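Okay, here's what each chain looks like letter by letter:
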Amino acid sequence: LTCLTGATAQQPVASDQDLAFIPQPLSVVRKTGDFILNEQTVIQVAADNTELQTLSELLAQGLYDRTGIRPRVQTASAASASASVPANTIVLRLVADTLGAEGYRLSVGQRGIAAGAAQGNGLFYAIQTLYQLLPIQSAVTTGIRLPAVEIVDKPRFGWRGLMLDVGRYFYSVDYIKKFIDYLAAHKMNVFHWHLVEDHGWRIEIKQYPRLTEVSAWRASTNFQRGPYINRNPHGGYYTHEDIKAVVDYAQSRYVTIVPEIELPGHSLSALRAYPELSCTGGPFELPEQWGIQKDIYCAGKEEVFTFLEGVLSEVVELFPGEIIHIGGDEAPKDRWKACPHCQRRIKEEGLKDEHELQSYFITRIEKFLNSKGKRIIGWDEILEGGLAPNAAVMSWRGTKGGIEAARMHHPVVMTPTTHMYLDYFQGEPYLEPSAIGGHLPLRKVYSFEPIPDELVGKEREFILGVQGNVWGEYIHSPEKADYMTYPRAAAVAEIGWSLPDKKDWNDFTRRLETQYLRYDQMGINYSRSAYQVYFEVKDDPANNRSTVTLKTDAYQPEIRYTLDGSDPGPDASRYTGPLEVPEYTTVRAATFRDGKRLTPVSAWTVVHFESNNQSK
Ligand code: ACM
Ligand code: ZN
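Structural notes, computed from the coordinates.

Here the zinc ion (ligand 2) is held by Cys-279 (SG), Cys-298 (SG), Cys-339 (SG) and Cys-342 (SG), and the distances to it run 2.3 Å. Around the zinc ion (ligand 2) sit 4 donor atoms; with metal-centred angles ranging over 105 to 116°, the donor geometry is tetrahedral. For the zinc ion (ligand 2), all donor residues lie on one chain, and their spacing in sequence is C-x18-C-x40-C-x2-C. Taken together, the positions of Cys-298 in the loop between helix 7 (268-273) and helix 8 (302-318) and Cys-342 in helix 10 (residues 340-348) put the pair 44 residues apart, joining distant regions of the chain.

Trp-193 and Tyr-297 are the most contacted members of the largest nonpolar core, which totals 155 residues. Judged by nonpolar contacts, the second largest core, of 13 residues, contains Val-190, Val-258, Ile-377 and Ala-392.

With 7 of 10 residues buried, strand 7 (residues 144-153) lies mostly within the body of the structure. Bridging between strand 1 (residues 27-37) and strand 7 involves 8 bridges; their strand directions are antiparallel. Its bridge partner being in strand 7, Val-29 is matched across the sheet by Glu-150. Here strand 5 (residues 104-108) pairs with strand 7 via 5 bridges, running antiparallel. When the sheet's bridge partners are listed, Arg-105 is paired in strand 7 with Val-152.

What follows concerns the side chain of Ser-56. One can find Ser-56 in helix 1 (residues 50-67). Among all residues touching Ser-56, those that are not within four sequence positions of it are Ile-43, Val-45, Val-73 and Leu-92.

Moving on, we come to the side chain of Asn-189. By the element assignment, Asn-189 lies in the loop between helix 4 (173-185) and strand 9 (190-194). On the basis of relative accessibility, which here comes to 6%, the residue Asn-189 falls in the buried class. Side chain to side chain, Asn-189 and Glu-102 meet in a polar contact 2.9 Å long. Excluding residues within four positions of it along the chain, Asn-189 makes contact with Glu-102, Tyr-125, Gly-158, Trp-159, Arg-160, Leu-183, Tyr-254, Val-255 and Thr-256.

On to the sheet that holds strand 22 (residues 534-540). The pairing of strands in a sheet happens through backbone hydrogen bonds and is either parallel or antiparallel. Taken in spatial order, the 3 strands line up as 22-23-26 in an open sheet, and their pairing is antiparallel. In this open sheet, the two strands that pair with only one neighbour each are strand 22 and strand 26 (579-582). Pairs of neighbouring strands in the sheet enclose a mean axial angle of 30°, with direction left out of account. Pairing analysis gives 4 bridges linking strand 23 (residues 545-551) to strand 26, with the strands arranged antiparallel. Of the residues in strand 26, the one forming a bridge with Arg-545 is Pro-582.

The full count for this structure, using the stated rule, is 35 aromatic pairs. Cation over ring: Lys-503 sits above Tyr-446, and NZ or CZ is 5.0 Å from the ring centre.

A separate point is the pattern of salt bridges. Considering all chains together, one arrives at 34 salt bridges under this definition. Between Glu-204 and Lys-206 there is a salt bridge, with its nearest N and O atoms 3.5 Å apart. For Glu-204, a relative accessible area of 17% puts it in the buried group. The exposure class of Lys-206 is exposed, given its relative accessible area of 54%. Here Arg-545 makes a salt bridge to Asp-540, at a shortest N to O gap of 3.5 Å. A cluster of three or more residues bridged by salt bridges with shared partners is formed by Asp-165, Arg-168, Glu-197 and Glu-473.

Turning to the sheet that holds strand 21 (residues 463-470), a few remarks are in order. Strand order around the closed barrel formed by 8 strands is 8-9-16-17-18-19-20-21, with parallel pairing between neighbours. With direction set aside, neighbouring strand axes in the sheet form an average angle of 30°. The sheet contact formed by strand 20 (residues 412-414) and strand 21 spans 3 bridges and is parallel. By the bridge assignment, Val-412 is partnered in strand 21 with Ile-463.

With 13 residues, helix 4 should cover 18 Å at 1.5 Å per step; its first-to-last C-alpha distance of 18 Å lies within 8% of that length. Turning to helix 4, its buried residues are Val-173, Tyr-175, Ile-176, Phe-179, Ile-180, Tyr-182, Leu-183, Ala-184 and Ala-185. Backbone geometry just downstream of helix 4 places Lys-187 in the positive-phi region, at approximately 60°.

What follows covers the environment of Asn-121. Inspection of the secondary structure puts Asn-121 in helix 3 (residues 120-131). Classification of Asn-121 as buried rests on a relative accessible area of 17%. Separated by 249 residues in the primary sequence, Asn-121 and Asn-370 place their C-alpha atoms 26 Å from one another. What Asn-121 contacts, discounting residues up to four positions off in sequence, is Ala-101, Glu-102 and Tyr-254.

Looking now at the packing of helix 1 against helix 3. Helix-helix packing: each pair is described by the crossing angle between the helix axes and the interaxial distance. At a closest axis distance of 11 Å, the pairing of helix 1 and helix 3 adopts a crossing angle of 15°. As summarised for this structure, helix 1 and helix 3 are arranged roughly parallel, according to the angle between their axes. The hand of the helix 1/helix 3 crossing is right-handed. Contact residues: helix 1 offers Glu-51, Leu-52, Leu-55, Leu-58, Leu-59, Gly-62, Leu-63 and Arg-66, while helix 3 offers Gly-120, Leu-123, Phe-124, Ile-127, Leu-130 and Tyr-131. Broken down by class, the residue content of the contact of helix 1 with helix 3 amounts to 10 nonpolar, 2 polar and 2 charged.

Conventions we followed
- Residues numbered from 1 in each chain as written.
- Chains lettered and ligands numbered in written order.
- Predicted model: local features only at pLDDT ≥ 70, side-chain atom pairs only at ≥ 80, totals over all residues.
- Heavy atoms only, no water.
- Donors = N, O, S within 2.8 Å, 3.2 Å for Na, K, Ca; no water.
- Tetrahedral: all angles 85-135°; square planar, octahedral: opposite > 155°, others 65-115°.
- Helix = DSSP H or I, 4+ residues; strand = E, 2+ residues; numbered from the N terminus.
- Core = buried A, V, L, I, M, F, W, Y, C linked by side-chain atoms within 4.5 Å.
- Buried < 20%, exposed > 50% of the residue type's maximum accessible area, 1.4 Å probe, protein only.
- Pairing = 2+ DSSP bridges.
- Contact = heavy atoms within 4.5 Å.
- Polar contact = N/O pair within 3.5 Å; in protein donor to acceptor, adjacent residues only side chain to side chain.
- Axes fitted to C-alpha atoms, helices over the stretch in contact; angles between N-to-C directions.
- Phe/Tyr/Trp six-rings, centres within 6.5 Å; stacked < 30°, edge-to-face > 60°.
- Lys NZ or Arg CZ within 6 Å of the ring centre and 35° of its normal.
- Salt bridge = Lys/Arg side-chain N within 4 Å of Asp/Glu carboxyl O.
- Expected span 1.5 Å × (residues − 1).
- Parallel < 35°, antiparallel > 145°, perpendicular 65-115°, else oblique.
- Left-handed = near helix turned anticlockwise from the far one by under 90°.
- Nonpolar A, V, L, I, M, F, W, Y, C, P; charged D, E, K, R; others polar.

So, to be careful, I would describe these as geometric facts and stop short of saying anything about function.
This is the structure:
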């Protein structure tokens, strides 16, 4: 990349405490000085490239949204746009480079800024990084200071995704665009759109209108774990026009949409509309409670494949991405075992059992989609009974399925429940809104390593990347979807983008402090659960005491606590180190800033269950 005329000082500045990128780039060198963004700043791109012009308009708008300054976009001949950077100019350019399709170089100097990448993808990421150099609260008086830096960056993985379950709960096109915008701002590049569930069919299919006429709406929703059902009609679906608009939006943010059409299970909504596609013939209603449904597509009836090929023909026309998710998870075999059509299929095809019948089902769908130029991915159950020849696997029941698939040289996306299920509780469950269960705090998401040690040599290359999943059972508003997704998706993003040796939990929490301010600016209703206090307790029954350590997932938190049962206020004792307390002490603690409590109060009562048990 051309050296900027103004960037004369080459010495790195000692401290980069003012820099807070998420995800952490491959290489960042701080230079002395700042670039001043002001009303005269210009964005320059080559005149002959519409993609560059689109990106420069995106940058101009993004800068305006964040600073109130909208630089003028200026086109130049390709030759002059590739020469040195004029004063007070931001140049975006395509350059032959070795950083791959998504890599970029960003050079911010006192006189100008240059972003270079081999493709638009990289420039889009350079722009996201540029935004992260902006001060958050800008009083636009004399100009906005961006610290001078030299950044060389590229992602570790090609698949950095988030899934949103719109089957169980419907989200508007407006929110889907926001969801895509937010993930792209984290340099993630896959939006996995879970469009089909037992409880709702969300995609218009012109050949089968009953799917949305009948099955996009339901009378009630199981709104909290247990028998808690409201009677509020709920539903909605996306028309082809809606989907085209979302696909366009995603393309402008270099996000690939992976649509999921669940089969053979999680499809009761289809069977409700067309009961003849089931083994029993129905009739069916959309279920009130969440949970796995026994009625799935019949694998023996030809009309099921005719139907699915009709559905998928429309899906492949709508989505330009190469990969279609075909589900494959949680398909109970009860109906197939009892169905004469399914049993005849098993016999005629020489299959061993219902697992091989599932494999037959998936392989047949794969063959069809391959013929349309698409490839399939499925949940790890598609390994059972034999993996379809060209299928990729999404490993969700731990990493075992992913390991098995990678050993067979099939592509794998890692999304294990243990680390990537963003519908799990992210804080102490007694302090959190309702969730499906589990416990997945930010620190645990961040700790995930997508390439298991079990894989060796070439096998490791089959791990495409990572994905966080936002399932909809108990997430019923855009605000709650934001809350469950962020900041944990920031950890997913960093796992997917940054090399393991760039990962640093403490520094991540430091950078997150700035990221939270960006979330405020973007209107993301992120969770503050990382500020919650949790307890690590070492009991010493012999001496009638315990050592209680107060922890959070936040950077240098101001923790205050009480031991007398009262709620800690801003004047309560400041926590500085482990507390030694006798049995039956209740420690109550919370995190504060500027005299304000940031979290609900956490509590732990010391009880030596072990010694009590022994005395009984
Ligand atoms: C899944 O969570 N059923 C993939
Ligand atoms: Zn059947």
